[in-house]
Amino acid sequence: MAFREYKIGARMFGLALASSMFITLVMPTLDIRSVGSTDIALDKQLAAGRETGFNLDDPFLLGKNKPLKVLLHADPKTNAPLDAPRYVYVFQAGTAFPSGILHPVTLGENQAKLSESQGQISAADKTVGAVFAVAHGAIDGKEYPFIENLTATRGWTPADILQVSKDEDVAHVGAGKTLFVREGCWWCHTLLPEETQDWQVFGAPPALGDFNGESPTAFGSDRKAPDLLHVGSRNSSREWLMMHFFNPRLVQTHSIMPRFDYLWGKTDADGHPIDFDKWRTEYLEYHDGKRVVPPEVPTYAKDSEIRYLIDFILSLK
Amino acid sequence: MFKYLFARAEDVPPGTAAIYFGFSSIVWFVIGTGLGSFNASKLAFPDMVTGNEWFAFGHMRQVHVHAVIFGWISMAFAMAMMYITPALGNTKLWSEKLGVWNCFLWNLGLTLGLTVLWAGMTSGREYSDFPWFIDIYIALCMFLPLATNVWMTIIKRRTQGIYTTNWFFAASTFMVVIVFLVGNAPEFFHLTGLTEGYLTWWFAHNILGLWITPVAAAIAYYTIPKVTGNPLYSHRIGHLHFWSVVVFYSTPAAHHLMSAPLPEWLKSFASVEGVLILVPAIAFVSNLMLTMQGKWYMFVENLEVRFTITGVLMAIPLNMQGGFQQTRAINWYIHGTGWIVAHAHLALLGFSTFLEAAAVYFGLQTIMRRKLYSLTLGNIHFWLLLIGFTIYWVSMTIAGLIQGAGKIYEVPYIDVVIAEHPYMIARWIGGTMVFTGNILWLINMWLTAREGTVVPSGRMPHELAYER
């Protein structure tokens, strides 16, 4: 019996589903594949690293094996000050390289050409680590951004960079984005100003080429809170963010954001244990009008999860 | 359940898999709506339970979504397939033992998957949040055995034709495996950038369009003719429904990203195809409304018919919203607002849940040969679900319109949050009513299994009068 009498139907079904998959999968993928990276896309993938969702390098999403985005003031070899401070992306030994280094084709045709010829990205070796930067070059008189492997072109190693950099110039953007994903910030905060009038409040919507190499894009769908794509340009105060994450009601009475005080970990910047119960009791007294000022928010330790998250938020320019 | 896992195949009584799937689905429904209610309370009262990673909104939101989609809805579907597919083929389920194993593996995998999600191990992709090893498990250990059982039962049927419901079951079980494997490709092969963003929504769209919507409709195509005794009004309109689902529902994935940077042709194409979703919707609703001719008293008197027809009626506003809210003219206003949240609950908690609840009510009574223990509890369940859902939907729709206005008139965001506060409380109350109703349902079905009047052989449960 089987499906014999449904021979035509079964073939029609196969044809319909195959055509629909061709139109909705193959055609868009080919189209998207031809989009060249912008500066923003290169910055995002170099800063965040290969993957900020679940992956075997960091299965519990703790922010392990992620690159560092460093603001460099001086040449690490000669110690001579640079003309202008520049961002470099430090991949210490063992840190997975992002998509654009492993598969330059995802950068876009010209970006890939420049990255391989002038940027020497194919010389980068994960086992010893590498330092990258975004550079600009021209093909046929037109300028394109590309990835420069500074370890190959200048001989700068990750250790060199970290030796000359102060902690305040180092941003744990990749680890921070991992926490952004793990803590579900994107369930309420989008990373996608809409192509309507949003640009007046939340800044310019992203362009087609702003995403190459990013995973997950996590732009969110349900906006219960302000868009964050350009939040670092609107508010660059670490102190404000610190209070806001510890208890959002400290800086915004009507906020419905959850508290993220647990990201502080057990100790503060000086290594003293944080007494959360005492803090909450005092906060409730403040809330009930029994205290004039709220209790002090503990300063986070420099390797705490909240520091990573704030580094990521501030990198969203 | 465990004693049947290793029993000889012929010792597993027919209907065992359906009973386990049925009760599992109700338990997951209680868990899923409980989580939903708790999450909603956090949006209304953010300081209620705090300072604990395990009860943080961002850790629990996706657990709610996946508990209801893969626990409640998909297990209720599996339950319906376990008893409807053989009934329509005038035969037994191909392998009752495979069905029992399927239910066991399903509960196991879902528990594991939700635990890792809760712990924060997420792919960071909405609706495909599960890490890739869970995705592979779901495709191979949950959906593939189900598809095998459904397909083999249909192939081994003892009727000449295949009834409408079984077309949908066969096609959907096949398509859901494909959707799972293709939609999660970014995780399997580390695809990045816009391809990843687009495929995320390709998956989200198709898991709804090629799995939840058609299977829910297929269940109604069985329940209404079976319980009312009227034959389906039109086989031809059923054809129209089936083919237009395959052609129109599988294509508009990009309309979820109308405000995102995607190629413009793709957005325009998706938008046009999205309006054409009205074709299967109208075919489905009109076919079932016309099947009810002469039996409308059962809408009042019979619980299963009432659930099903309520779900079918909800398909009207659902598809009017769905067809038009994704056009650019409307989408720019409501994109990313609570309106969409309301719409998603209209689809899953309104339309689809009411159809599946009827199938679970009817199926458990039929297989266990026990009359529903209490019509009163059933009625309370129905009204708590309907009123709770309506409160939720109305409040979130209004909240969405406020957000939309705030968006285009550039109102400072905190003012939008303040304006939404009453609706967040209403949403929590509505969700809690649904949760309460489901606890009563679980009790009612448990008592049915234990205390329900035995249905005599040759009789259907709905032919007996309710006793309580």
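Scoring rules and cut-offs
Residues numbered from 1 in each chain as written. Chains lettered and ligands numbered in written order. Predicted model: local features only at pLDDT ≥ 70, side-chain atom pairs only at ≥ 80, totals over all residues. Helix = DSSP H or I, 4+ residues; strand = E, 2+ residues; numbered from the N terminus. Buried ≥ 20, exposed ≤ 12 C-beta atoms within 10 Å, placed from the backbone. Contact = placed C-beta atoms within 7 Å. Pairing = 2+ DSSP bridges. Domains from an automatic or database assignment. Nonpolar A, V, L, I, M, F, W, Y, C, P; charged D, E, K, R; others polar. Axes fitted to C-alpha atoms, helices over the stretch in contact; angles between N-to-C directions. Parallel < 35°, antiparallel > 145°, perpendicular 65-115°, else oblique.

Structural notes on the overall build of chain B
In terms of helices and strands, chain B carries 17 helices and zero strands. For chain B, with 468 residues in total, the buried portion stands at 61%. Partitioning the intrachain contacts of chain B with sequence separation of at least 6 by distance along the chain shows that 84% fall at a separation of at least 24.

Section: the overall build of chain A
Along chain A, the regular secondary structure elements total twelve helices and five strands. Its C-alpha atoms give chain A principal-axis dimensions of roughly 80 × 65 × 40 Å.

Some words on the pairing of strand β2 (residues 81-91) of chain A
Residues and elements named next belong to chain A. Taken together, the six bridges between strand β1 (residues 68-74) and β2 define a ladder with antiparallel strand orientation. By the bridge assignment for β2, A74 is matched with P81. Counting the residues between successive antiparallel strands, the hairpin from β1 to β2 contains six residues, one of them, N79, with a positive phi of roughly 65°. Relative to strand β3 (residues 130-139), β2 runs antiparallel, the two being bridged by three bridges. Among the inter-strand pairings, Y89 is bridged to a residue of β3, identified as F132.

Description of the pairing of β1(A)
Two strands pair when backbone bridges link them, and β1(A) and strand β5 (residues 170-171) of chain A are joined in this way by two bridges, in the antiparallel orientation. Directly across from A:K69, in β5(A), lies its bridge partner A:A171.

Concerning the domain arrangement of chain A
All names here are of chain A. The assigned domain composition of chain A is domain 1 (39-172) and domain 2 (179-315). Summarising the inter-unit geometry, the C-alpha centres of domain 1 and domain 2 are found 26 Å apart. Taken together, the contacts link 21 residues of domain 1 with 17 residues of domain 2. For the side of domain 1 that touches domain 2, the secondary structure elements donating two or more residues are α2 (39-48) and α3 (99-102). Here the side of domain 1 that touches domain 2 is composed, by residue class, of eight nonpolar, nine polar and four charged.

Observations regarding the sheet that holds β5(A)
Strand order in the open sheet formed by five strands is β4-β3-β2-β1-β5 (chain A), with antiparallel pairing between adjacent strands. Edge positions in the sheet fall to β4 (142-149) and β5 of chain A, since each has one partner strand and no second.

A few points about the packing of helix α13 (residues 303-325) of chain B against helix α16 (residues 375-408) of chain B
All names here are of chain B. For the pair α13 and α16, the least separation of the axes is 11 Å and the interaxial angle reads 10°. For the element pair α13 / α16, the angle class is roughly parallel. Contact residues: L303, R306, F307 and T310 in α13; L375, G378, F382 and L386 in α16. Taken together, the residues of the contact of α13 with α16 sort by class into five nonpolar, two polar and one charged.

Some thoughts on the interface of chain B and chain A
A common measure of how large an interface is: the accessible area buried when the components associate. Every contact between the two is made by 58 residues of chain B and, on the other side, 68 residues of chain A. With seven residues, helix α8 (residues 193-228) of chain B is the largest single contributor of residues to the side of chain B that touches chain A. Residue composition of the side of chain B that touches chain A, by class: 29 nonpolar, 20 polar and nine charged.

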